[in-house]
Amino acid sequence: MPTTSTSRSNVLLIMTDQQRADSIGAYGAAPAPTPHLDRLAAEGATFDAAYCTSPLCTPSRASILTGKHLAGHGVSRLYDSLPQDEVLVPEHLREDGYRTGLVGKLHVSSRVDEARRRHPHDGFDVYELCNEMTVDLDSPWHAYSRWVAERDPEFHHRLVTEGRRVVHYPEHLHMSRWAAERTIDLMAGAVADQVPFFAVMSLFDPHNPYENAPPGWAERVGPLPPTLPPWEPSGPRGLRRETDSKTVAAHTGSDLDTARRGYHAAVAFADHEIGRVLAELERLGCADDTLVVFTSDHGDELGDRGLMTKGAFFTEACARVPLVLRWPGRVPAGRRVAAPVQLSDVAATALAAAGVPPSALGPGADSYDLVDLARGGAPARPYAVSAYRNGGLAVGSGGQYFDPPLLATMLRDDRYKLIAYHDVTDPDSGQLFDLTEDPDERHDLWDDPEHRDRRDRMLRSLLDWTVHDQWRAGPRGGESRPTVSMA
């Protein structure tokens, strides 16, 4: 049954892929120009301590659209698939009378699974999938593939035959251009039909291989900041295992600066296309009644500490994400939010814009409406948690997960970040950083006697969170209680 709503504002969720927070001007001196995202932040609230629930695409995206942490939705690894009984946010909103649409990357399940079938509770009226420009092009759901084939059959043939060897997509055939145009069409159609919309514009950029930006955009990138030096090789064994798998040489060869410049060029072009969508909101006359949420699923080491992409490290480059809310008249303009939040909070925030309570997310939900926090309300959680549960394939492993499994958890409070590596062969291993005094995470305090009490308290908090997270998830098979007392 539809929910009785007190508010039916539109919701536009804009997501990029693998974008670190400091790649946007609103978060500091970014190398690439991002005027449209900077304006969005100036007109809304910027969350300075937003963290992914997992530094990996699939589990993080499942959290964004279910409002649950990993144990709640059951997706931990890159090729896990969301259980069939899980319900995504758009289904709740569609039941409330919203027109819902996806344009771009979903990836709440294995991309292999998503190429074959839709999830029964994805909830999208409009479903235009593209998890990556050159992968699964023959899938019936790959809308970008059809779009390119109609406009330029020769270029489409190149995508099919050359795959990721195709670089520097022309602007008029770029996935970000397609996503912008189709999102504009989706919003305009809903406004014309006088129905509220929930639209997801989900880009692949600036994800590796860092060569997707159109010609000329790399020249718009300014000086690149220095990369952070590698950690000491004597760190936790779990960290060393992932570090060995994600070296710069493994992902870029020796041309790191070209990869970094390409990454930021992709950010700049994505910003340009996002600007077109935001301008359409103004033209349609619905900007004041639309909650815009901008975020990314996780970050990218991008050469810091000699590492690339993402994995079982929880640095600010990898685990911290951009998160901006704009909702004129409801979210104060120019607000900076210091309290830690996590990406599962996006779900309750989107539902709240429609007047749908967070309880609609069901058992296992770990999601809070961020609008109250943006208005200056008290934080709903004392810390953000991110978890890695043997999620990624080890480079050079022949497509296998780590064996023995690589398991780690991060807890980030208002000042400190603790990372525990759950390695039976290296017990009592982890990292501790004071982000106020050491924002670059250069000084590990894990074995510092002066911080032993703090480390132990945070480990206890992490243990308590783990127990409550598993309890909150509940039984996957439901329950059947006796109708008569057995006492």
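What comes next concerns the included structure.

Cut-offs and rules
Residues numbered from 1 in each chain as written. Predicted model: local features only at pLDDT ≥ 70, side-chain atom pairs only at ≥ 80, totals over all residues. Heavy atoms only, no water. Helix = DSSP H or I, 4+ residues; strand = E, 2+ residues; numbered from the N terminus. Polar contact = N/O pair within 3.5 Å; in protein donor to acceptor, adjacent residues only side chain to side chain. Contact = heavy atoms within 4.5 Å. Buried < 20%, exposed > 50% of the residue type's maximum accessible area, 1.4 Å probe, protein only. Pairing = 2+ DSSP bridges. Axes fitted to C-alpha atoms, helices over the stretch in contact; angles between N-to-C directions.

Topic: the side chain of E441
You can see E441 is positioned in the loop between β14 (429–434) and α14 (452–473). Of note is the side chain of E441, whose polar atom sits 2.9 Å from the backbone nitrogen of E316. A polar contact of 2.8 Å, which involves the side chain of E441, links it to the side chain of K417. Those residues in contact with E441 that lie beyond four places of it in its chain are W231, R305, F314, T315, E316, K417, F433 and L435.

Some thoughts on the pairing of strand β7 (residues 290–296)
The side chains of a regular strand alternate between the sheet's two faces. With 7 of its 7 residues buried, β7 lies for the most part within the structure. Burial along β7 is two-sided: T290, V292, F294 and S296 and L291, V293 and T295, pointing in opposite directions, are all buried. As paired strands, strand β1 (residues 10–16) and β7 are joined by 7 bridges and run parallel to one another. From the neighbouring strand, L12 faces β7, where its bridge partner is V292. Pairing between β7 and strand β8 (residues 323–326): 4 bridges, direction antiparallel. Residue pairing for β8: V293 is matched across the bridge by L325.

A closer look at the environment of P209
Looking at where P209 falls in the secondary structure, it is placed in the loop between β6 (197–202) and α9 (237–245). Between the C-alpha atom of P209 and that of M458, which follows or precedes it by 249 residues, the distance is 37 Å.

Examining the sheet that holds strand β2 (residues 45–47)
Paired through backbone hydrogen bonds, the strands of a sheet run either parallel or antiparallel to each other. Strand order across the open sheet formed by 8 strands is β5-β4-β6-β1-β7-β8-β2-β9, with mixed pairing between neighbours. Each edge of the sheet is formed by a strand with only one pairing partner; in this case those strands are β5 (126–129) and β9 (335–337). Each strand of the sheet is rotated relative to its neighbour by a mean of 10°, with strand direction disregarded. Direction of pairing for β2 relative to β8: antiparallel, over a ladder of 2 bridges. What sits directly across from T46, in β8, is V324.

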